[in-house]
Amino acid sequence: MIWRWQDRLEKALADEREEARTKNVIRLITLDTLFSRSRAPSKSKLIDAIESKISSGELSVIYKLISPETKAVIAEYESVLDIPEHIYDDTAGQEIAIDPLSDIEVVFRVGPNG
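Figured I'd write up the structure that's included with this text. (Residues numbered from 1 in each chain as written. Predicted model: local features only at pLDDT ≥ 70, side-chain atom pairs only at ≥ 80, totals over all residues. Heavy atoms only, no water.)

Across its full length, the protein chain carries three helices and six strands. For the protein chain, the N- to C-terminal ordering of α and β elements is α-β-α-α-β-β-β-β-β. Along the first, second and third principal axes, the C-alpha set of the protein chain runs to 55 × 30 × 25 Å. Looking at the protein chain residue by residue over its 114 residues, the buried ones come to 33%. (Helix = DSSP H or I, 4+ residues; strand = E, 2+ residues; numbered from the N terminus. Buried < 20%, exposed > 50% of the residue type's maximum accessible area, 1.4 Å probe, protein only.)

Spelled out as structure tokens, the structure:
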């Protein structure tokens, strides 16, 4: 059987959903992990497929705010519009300006309800 990349993406998401269901947890998965597991021809095509999954409620987006100093997750947001320009970084003990290109990690929530 020859698997298309879309089939591999579906399988990866089904595996994550099953683990979320059996362990009663929410699974978070990165774009790079989905790219690796699906072996999509490009990240652009994968993003198009992910957008469709988000629209249908199969996936949801989480924006993780990463401390530039400690690399710890200091906050999570469900909307990019909720991310502040500045935040107090408890892990570093100081207020920081958010650099959207380096301080935000996008992950996708996989669970029984996306």
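An ideal rise of 1.5 Å per residue puts 18 Å on 13 residues; helix α3 (residues 43–55) measures up with 18 Å between its terminal C-alpha atoms. When we look at burial in α3, the residues that qualify are Leu46, Ala49, Ile50 and Lys53. For α3, the arc enclosing every buried residue in end-on projection is 100°, short of the 170-degree limit, so these residues lie on one face. Next to the buried residues of α3 lie α1 (5–23), α2 (31–38) and β6 (104–110). (Expected span 1.5 Å × (residues − 1). Arc of directions from axis to C-beta. Contact = heavy atoms within 4.5 Å.)

The side-chain alternation of strand β4 (residues 86–89) yields one buried face, formed by Ile87 and Asp89, and one unburied face, formed by His86 and Tyr88. Bridge count for β4 against strand β5 (residues 94–97) is four bridges, and the pairing is antiparallel. Residue pairing for β5: aspartate 89 is matched across the bridge by glutamine 94. In this antiparallel pair of consecutive strands, β4 and β5, the connection spans four residues, and glycine 93 shows a positive phi of 70°. (Pairing = 2+ DSSP bridges.)

The next subject is the sheet that holds strand β1 (residues 27–30). Read from one edge to the other, the open sheet built from four strands follows the order β1-β6-β2-β3, with strand pairing classed as antiparallel. Both outer strands of the open sheet, β1 and β3 (73–77), are each paired with one neighbouring strand and no more. Taken over all neighbouring pairs, the strand axes of this sheet differ in orientation by 35° on average, direction set aside. The pairing of strand β2 (residues 60–66) with β6 spans six bridges and is antiparallel. (Axes fitted to C-alpha atoms, helices over the stretch in contact; angles between N-to-C directions.)

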